[in-house]
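A structural walkthrough
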Amino acid sequence: MRIRSHRPRAVLAMVAAALLAVAGCDASGDGSSAAHSTAGGSPSPKPTPLWNPSPRSVAAVGDSITRGFDACTVLSDCPEVSWATGTDTGVRSLAVRLLGRAGAAERSWNYAVTGARMADLPEQMAQAVVEKPELVTVMVGANDACRSSVSAMTSVADFRAAFQAAMGTLRDKLPRTQVYVSSVPDLKRLWSEGRGNPLGKQIWKLGICPSMLADADSLGSRATLRRAKVQDRVEQYNKVLHDVCAKDRRCRFDGNAVFDFRFGTDQLSHWDWFHPSRDGQARLAELAYRVVTARRPTG
């Protein structure tokens, strides 16, 4: 009797197994068909970066430093030399560096107020959001430490709560707007630099930052301790600014660049030896521009 060959059945079984294997890969999404579909279709869009180094509009909030107080004439705001939004060619504000002079004139706004403290920032921020800026600059805190006495300084808890409230006001309306936060300047260096000028010391006696600048020539233990407490409070404020900003992906703290800046008398107003001069405003603009345009946050 003729014996039938089983080779055709074996071949069919192998083909069927191969087909099932291919079908199984397709079903699991790991096979070559899925890869071909991805390669043959449109390329995946690149994710939008969290930080844009070229924002198209700028709003500023803060205190007298951002208003250019005493930089042009005595006891007067001079917003045209503001480090943040001014149009003065010698200063080259952050807005001018980012937008050009014409762009800065059209698409930058200054809501800072001379004498403002952190508690005033939520209201300023509410005004700024109306313009829908792509970048908001924040510089505030010196007046919270510059009080009539050490005990009158803003507490760290209140400082934190007000800053968080201001950031909340911004985020409620503008979740994508970027924020540049400046550290509070080194008030003890201000004392050490300005105390060598007889005129400056006389002006300080009129009531400029008495918690730090009162009895400028005194090196006694009480005066030294008072200045140390003010300096410590400023450092705590800067830690708050860093910590709150770090929790917001579109916020950049300056890494204490302003606090660490080794300014001299040329950077101080010769009207009060306290606020930045034109030259000082230009240095602040330069520091801010470095942070805003950096590829990675500085701190």
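Residues numbered from 1 in each chain as written. Predicted model: local features only at pLDDT ≥ 70, side-chain atom pairs only at ≥ 80, totals over all residues. Heavy atoms only, no water.

With that out of the way, let us pick up the overall build of the protein chain. On a plain count of helices and strands, the protein chain comes out with 13 helices and five strands. Out of the 299 residues in the protein chain, the part that is buried amounts to 46%. For the protein chain, long-range pairs separated by at least 24 residues make up 72% of all intrachain contacts whose partners lie at least 6 apart in sequence. When the accessible surface of the protein chain is totalled, it reaches about 15800 Å², and 55% of it is carbon and sulfur. (Helix = DSSP H or I, 4+ residues; strand = E, 2+ residues; numbered from the N terminus. Buried < 20%, exposed > 50% of the residue type's maximum accessible area, 1.4 Å probe, protein only. Contact = heavy atoms within 4.5 Å. Areas by Shrake-Rupley, 256 points an atom, 1.4 Å probe, with all protein chains shown as cover.)

With that out of the way, let us pick up a nonpolar patch on the surface. On the surface, Val74, Leu75 and Trp271 cluster together into a nonpolar patch covering about 320 Å² of accessible area. Within the secondary structure layout, Trp271 lies in the loop between helix 12 (257-260) and helix 13 (278-293). (Patch = residues over 30% accessible without salt bridge, like charges linked within 9 Å, V, L, I, M, F, W, Y side chains within 5 Å. Salt bridge = Lys/Arg side-chain N within 4 Å of Asp/Glu carboxyl O.)

A separate point is the pattern of salt bridges. Tallying each qualifying case throughout the model produces 10 salt bridges. For Arg278, the salt bridge goes to Asp88, with nearest N and O atoms at 3.6 Å. Within this pair, whereas Arg278 is found in helix 13, its partner Asp88 is found in the loop between helix 3 (64-67) and helix 4 (94-107), the two being separated by 190 residues in sequence. Residue Arg278 is classed as partly exposed on the basis of its relative accessible area, which comes to 39%.

For the rest of this paragraph, the subject is the environment of Ala126. Note that Ala126 resides in helix 5 (residues 121-129). Classification of Ala126 by relative accessible area gives partly exposed; the value is 35%. On a C-alpha basis, the gap between Ala126 and Gly168 in space is 10.0 Å, while along the polypeptide they are 42 residues apart.

Let us look at the confidence of the model for the protein chain. Averaged over all residues, the pLDDT of the protein chain equals 88, while 83% of them reach at least 70. Low pLDDT, under 50, characterises residues 1-40; the predicted model gives this stretch five contacts beyond four residues in sequence or across chains. (pLDDT = per-residue confidence, 0-100.)

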